Amino acid sequence: MLRIGTAGWAIRREHAAQFPGDGSHLTRYAARLNAVEINSSFYRPHRPATYAKWARETPKDFAFSVKMPKAITHEARLKGTDDTLHRFLDECGALGSKLGCILIQLPPSLKFERGIAETFFADLRASYSGNAACEPRHASWFTPDADALLIRFHIARVVADPAIAKTAAPTGGFQYWRLHGSPRIYYSNYENDFLRGLAQQLTGRDAWCIFDNTALGFATANALELTSAMTCRRNPHRASPLRPPAEDGR
């Protein structure tokens, strides 16, 4: 199952015509894209009733990825988080079957310490068995020892762009891609050649692909372009939305 979406579901004016005109932003968004990443959960808790409302506003085959609170990842730094973690899981668990993934983004200063990571992942897995993805941002997490721990707990290491380390690669069968924009994080657009290559890499994968280059609205455009490109790969007779380069290279 390939899921493509953006960080958040805001629909900017320049993209409004590509979505249905009726309903909430989330309902309109979910009519074109099959996944979204909730980033607001990183900053503040949401009531179970709020998650349940979001679930009701989306189609049956839609899924949410929910970013773990910074109170766990950045403030507690994965230590002594039992109560906070279980409260978070209870809250987002109200999404029911539409809870598609938990995203664990770590601060750049957080080094891999096997004992701390092992305890935290074991606690997470004791209460949650679904997809989980970890986005470490310290080079010490890109080692065989860290890989082995992530594989043991069935947690994907995020494939990020820009990459944190040259060895940044998927861990295990499930993949989670976070495309922040390159060369300028959050601002840069992804051009046709990149999206074509990405479509090839994602074909046949059990993966999420989230565009986080939201500052100028490119995330929405890129997610729609990639969705259409993947549809064309499944149906070669359909015209691709990605324009081929001109004969003279222009």
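Rules and cut-offs
- Residues numbered from 1 in each chain as written.
- Predicted model: local features only at pLDDT ≥ 70, side-chain atom pairs only at ≥ 80, totals over all residues.
- Heavy atoms only, no water.
- Pairing = 2+ DSSP bridges.
- Helix = DSSP H or I, 4+ residues; strand = E, 2+ residues; numbered from the N terminus.
- Contact = heavy atoms within 4.5 Å.
- Axes fitted to C-alpha atoms, helices over the stretch in contact; angles between N-to-C directions.
- pLDDT = per-residue confidence, 0-100.
- Expected span 1.5 Å × (residues − 1).
- Buried < 20%, exposed > 50% of the residue type's maximum accessible area, 1.4 Å probe, protein only.
- Right-handed = clockwise from strand over helix to strand, strands pointing away.
- Salt bridge = Lys/Arg side-chain N within 4 Å of Asp/Glu carboxyl O.
- Polar contact = N/O pair within 3.5 Å; in protein donor to acceptor, adjacent residues only side chain to side chain.

## Some words on the sheet that holds strand β1 (residues 2-7)
- Spatially, β6-β5-β4-β3-β2-β1-β9-β8-β7 is the arrangement adopted by the nine strands of the open sheet, whose pairing is parallel. On the outer flanks of this sheet lie β6 (156-157) and β7 (159-161), each paired with one strand and no other.
- Together, β3 (63-67) and β4 (99-105) form the strand contacts of helix α4 (residues 82-92), whose direction differs from that of β4 by roughly 150°.

## Re the confidence of the model for the protein chain
- Chain-level pLDDT for the protein chain is 91 on average; 90% of the residues reach the 70-or-more range.
- The model gives residues 243-250 a pLDDT under 50, and that stretch makes four contacts with residues more than four places away or in other chains.

## Examining helix α5 (residues 114-127)
- Counted at 1.5 Å a residue, the expected span for α5 with its 14 residues is 20 Å, and the 20 Å between its end C-alpha atoms agrees.
- Considered for burial, the residues of α5 that qualify are A117, F120, F121, D123, L124 and R125.
- Looking at the buried positions of α5, the neighbouring elements they touch are α3 (70-75), α4, β4, β5 (132-135) and α6 (144-152).

## Considering the pairing of β4
- The element β4 is largely enclosed, with a buried count of seven among its seven residues.
- Both β3 and β4 contribute to a ladder of four bridges, which runs parallel. Bridging across to β4, S65 finds its partner in C101.
- Read as a crossover between parallel neighbours, the route from β4 over α5 to β5 is right-handed.

## Side note on the pairing of strand β2 (residues 35-38)
- Both faces of β2 are covered, namely the face carrying A35 and E37 and the face carrying V36 and I38.
- Where β1 meets β2, three bridges bridge the pair, whose relative direction is parallel. Residue pairing across strands places G5 opposite A35, the latter belonging to β2.
- For the crossover from β1 across helix α1 (residues 25-30) to β2, the handedness is right-handed.
- Alignment of β2 against β3, held across four bridges, turns out to be parallel. Note on β3: the bridge partner recorded for I38 is V66.
- This β-α-β element, β2 to helix α2 (residues 48-56) to β3, shows right-handed connectivity.

## Some thoughts on the pattern of salt bridges
- Within this structure, the stated rule accounts for eight salt bridges.
- Taking the shortest distance from any N to any O, the salt bridge between E118 and R152 comes out at 2.4 Å. Of this pair, E118 sits in helix α5 while R152 sits in helix α6, and the two are 34 residues apart along the sequence.
- Residue R196 is joined to D193 by a salt bridge in which the shortest nitrogen-to-oxygen separation is 3.0 Å. With R196 and D193 both in helix α7 (residues 192-202) and three residues apart, this pair spans about one turn of that helix.
- Residue classification places R196 among the partly exposed residues on the basis of a relative accessible area of 26%.
- For D193, a relative accessible area of 59% corresponds to the exposed category.
- When salt bridges that share partners are traced, they join E37, E135 and R178 into one network.

## Examining the side chain of T73
- The residue T73 is located in helix α3 in this model.
- What makes T73 buried here is its relative accessible area of 0%.
- Within the structure, the side chain of T73 is placed 2.8 Å from the side chain of H74, a separation counted as a polar contact.
- If near-sequence neighbours (up to four positions away) are discounted, T73 is found in contact with F42, M68, L78, I104, Q105, L106, P107 and L110.

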